Amino acid sequence: MRKLNYQVVKFSNLFTRLVKENKTELLLLSLMILVTAHTTFVQLIYHHNYQTFAWDLGIFLQSLETFVFHGKLFYNTVELPYNPSGSYFGIHFSPILFLIAVPYAVYPHPLTLFLIKNLLICAASPIIYKIAKEQQLSELTSALIAVTYLFFLPMYGPLTWDFHPYYLLPLFISLTHLYILKKHYRATLIVTILGLSTNEFAAILYIFYGLCLFLKGLKEIAKKIILLSSAWFIFAIMIITLINPTQLQYYISSLLTQGLLKEKLTQFGFDIFTMINRDKLAYLVIVYGFLLFLPLLSPIEGILTILPWISIMLISKHAPYYSPYYQYPAFISVQLFLATINSVRKIMRIRLQGIVALTLVALNISSAIILGPIGFGFLDYATKFTRPTHFH
């Protein structure tokens, strides 16, 4: 009996010490779980009120259903007119779906997809905390920046809108960066492959991330990431074309037939009125302004790493690309936080760093409550951004 009591006391002391030593991480983890649970609940309400759609939740539900229970390669019928194969890989190359299929097989329900993607989106927050600590920011400043990510308004598009494999990209890019800071290069390449597997466009973003590392002096790992990403992109295009040759024909037709012969692109434009309009300016103000424009003070991380997507957004006439209500902020958000951390580092006084971080978290929590879909949703009335039906 005494031995048992001794073991209980020993375990209790160990648990108490672990809690004290990791109090910040545990608080951050608790907040991460709370945000995950709340946004998943919000999305379930949308779904139960018939406010989720064939594009894109239906595509992934049917694709996973046919793979798990019928052995087909993520087959869906939503896009058959321009993807006769029916395989999702004929539109986008996202092998991460093989991993997502495992929990879906256990519980084949939209809740599974909502919970997985919201949990993994929010899981980037503790990684951001560790990155900030690795870059010599104080524990308080690091925690405040990590909390800011959980309430960053552009991320409430990915957190509440349908499902996409590249919602996992913020987690993988942040992990890639953390492992580079820790000089764990083998783990870096493994996580990079996971990030690349979310969508073929992730390869372009990783190439520019590699360029950023190269300019920062990390030339060896930068070369490996650029080479790996370039090879992955070529392989992805080959797979897409092999499964669905009409996809390549579509791109050629769009770029050549419509672009050169008609001298007009239906989806893109290079004139000043296409590149700069009210909605795009408002979107950029939200994306950068809610981070106090700090990413612009570190242009290598804050501009170069996301330049491919920002360029597409500027020349595109497709309004969801520059709306905070959809999935696309997942392509750029975590890179902006890496830039924010680097900019805060440039502030010499630790107390001033803390004040800036406190301002960031106050601004983003208040905006998420006042403007965002988890609160009063006043952004719906203050702007005319294109939005899903349930936001009207």
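Residues numbered from 1 in each chain as written. Predicted model: local features only at pLDDT ≥ 70, side-chain atom pairs only at ≥ 80, totals over all residues. Heavy atoms only, no water.

S.K.: Could you clarify how one ought to interpret the layout of surface pockets in this entry?
M.R.: In this approach a probe as big as a water molecule rolls over the atoms, and the regions it shows empty are the leftover space. Taken as a whole, the second largest pocket encloses approximately 200 Å³ of empty space. Surrounding the second largest pocket, Gln135, His177, Ile180, Leu181, Cys212, Leu213, Lys216, Leu218, Glu301, Leu338, Asn342 and Arg345 form its lining. Sorting the residues of the lining of the second largest pocket by element identifies helix 9 (169–181), helix 11 (201–215) and helix 18 (333–345) as the ones contributing at least two each. For the lining of the second largest pocket, the class distribution of residues is six nonpolar, three polar and three charged. (1 Å grid on protein atoms, 1.4 Å probe; cavity = no way out; pocket = protein on both sides within 12 Å on 5 of 7 lines; lining within 4 Å. Points joined across faces, edges and corners; volume = space filled by probe spheres on them. Helix = DSSP H or I, 4+ residues; strand = E, 2+ residues; numbered from the N terminus. Nonpolar A, V, L, I, M, F, W, Y, C, P; charged D, E, K, R; others polar.)

S.K.: What is the right way to read empty space enclosed by the protein from this model?
M.R.: Counted according to the given criterion, the structure contains three cavities of 30 Å³ or more. When its volume is computed, the largest cavity comes out at roughly 60 Å³. Around the largest cavity, the lining is made up of eleven residues, and of these Leu153, Pro324, Tyr325, Pro373 and Leu379 lie nearest the centre. Elements with a minimum of two residues in the lining of the largest cavity: helix 8 (156–160) and helix 20 (379–382). Of the residues belonging to the lining of the largest cavity, the class tally is eight nonpolar, two polar and one charged.

S.K.: Just to check I follow, could you spell out the environment of asparagine 244 for this structure?
M.R.: When you line up the elements, asparagine 244 lands in the loop between helix 12 (219–243) and helix 13 (245–261). Relative accessible area serves as the criterion here: at 1%, asparagine 244 is assigned to the buried category. Residues asparagine 244 and serine 85, spaced 159 residues apart in sequence, show a C-alpha to C-alpha distance of 6.2 Å. What asparagine 244 contacts, discounting residues up to four positions off in sequence, is Tyr82, Asn83, Pro84, Ser85, Gly90 and Ile91. Engagement of the side chain of asparagine 244 in a polar contact is seen with the side chain of asparagine 83, the distance being 3.4 Å. Among the polar contacts made by the side chain of asparagine 244, one reaches the main-chain carbonyl oxygen of glycine 90 at a distance of 3.0 Å. (Buried < 20%, exposed > 50% of the residue type's maximum accessible area, 1.4 Å probe, protein only. Contact = heavy atoms within 4.5 Å. Polar contact = N/O pair within 3.5 Å; in protein donor to acceptor, adjacent residues only side chain to side chain.)

S.K.: Sorry if this is basic, but what is going on with unusual backbone geometry here?
M.R.: Note: most peptide bonds trans; most residues except glycine with negative phi. Omega for the bond connecting tryptophan 55 with aspartate 56 falls within 30 degrees of zero, at 15°, which places this linkage in the cis form. Within the secondary structure, aspartate 56 sits in helix 3 (residues 54–70). One non-glycine residue, tyrosine 50, lies in the positive phi region at around 60°. Topologically, tyrosine 50 is positioned in the loop between helix 2 (23–48) and helix 3.

S.K.: Before we go on, may I ask you to explain the packing of helix 4 (residues 97–106) against helix 5 (residues 110–122) in this structure?
M.R.: One way to put it is that helix 4 packs onto helix 5 with a least axis distance of 9 Å and a crossing angle of 130°. Between helix 4 and helix 5, the crossing angle belongs to the class labelled oblique. Relative to helix 5, the crossing made by helix 4 is right-handed. Taken together, the residues of helix 5 that come into contact with helix 4 (itself represented by Ile100, Pro103 and Tyr104) are Thr112, Leu113 and Ile116. (Axes fitted to C-alpha atoms, helices over the stretch in contact; angles between N-to-C directions. Parallel < 35°, antiparallel > 145°, perpendicular 65-115°, else oblique. Left-handed = near helix turned anticlockwise from the far one by under 90°.)

S.K.: Hey, could you run me through the nonpolar core in this one?
M.R.: The biggest cluster of nonpolar side chains holds 105 residues, and the ones touching the most others in it are Leu113, Ile145, Tyr149, Tyr206, Phe331 and Ile332. Excluding its chain neighbours within four sequence positions, the residues that come into contact with leucine 113 are Leu57, Phe60, Leu61, Leu64, Ile100, Tyr104 and Phe163. (Core = buried A, V, L, I, M, F, W, Y, C linked by side-chain atoms within 4.5 Å.)

S.K.: Would you mind going over a nonpolar patch on the surface with me for this structure?
M.R.: A contiguous nonpolar patch, built from Val285, Phe293, Leu296, Ile303 and Leu307 and spanning about 390 Å² of accessible area, is present on the exposed surface. Relative to the assigned elements, leucine 296 resides in the loop between helix 15 (278–289) and helix 16 (299–302). (Patch = residues over 30% accessible without salt bridge, like charges linked within 9 Å, V, L, I, M, F, W, Y side chains within 5 Å. Areas by Shrake-Rupley, 256 points an atom, 1.4 Å probe, with all protein chains shown as cover. Salt bridge = Lys/Arg side-chain N within 4 Å of Asp/Glu carboxyl O.)

S.K.: How should the packing of helix 9 against helix 18 be read in this particular structure?
M.R.: Angle between the axes and distance between the axes are the two parameters that describe a pair of packed helices. Following both chains from N to C, one finds helix 9 and helix 18 inclined at 35°, their axes separated by 8 Å at the closest point. Across the interface between the two elements, Pro170, Ile173, Ser174 and His177 from helix 9 touch Val334, Gln335 and Leu338 from helix 18. Of the residues assigned to the contact of helix 9 with helix 18, the class counts are four nonpolar, three polar and no charged.

S.K.: How should I be thinking about helix 12 in this particular structure?
M.R.: The periodicity of an α-helix, 3.6 residues per turn, causes residues three or four places apart in sequence to face the same way. Between its terminal C-alpha atoms helix 12 stretches 36 Å, which fits the 36 Å expected from 25 residues at 1.5 Å a residue. By the burial criterion, the buried members of helix 12 are Ile221, Ala222, Ile225, Ser229, Trp232, Ala236, Ile239 and Ile240. (Expected span 1.5 Å × (residues − 1).)

S.K.: Is there a simple way to explain the pattern of salt bridges in this structure?
M.R.: Oppositely charged side chains are able to pair whenever their charged atoms sit close together. Under the counting rule described, the total for this entry stands at two salt bridges. A salt bridge links lysine 216 to glutamate 301, with the nearest nitrogen and oxygen atoms 3.0 Å apart. Residue lysine 216 is located in the loop between helix 11 and helix 12, and its partner glutamate 301 is located in helix 16; the two are separated by 85 residues in the primary sequence. Look at glutamate 301 and you get buried, because its relative accessible area is 9%.

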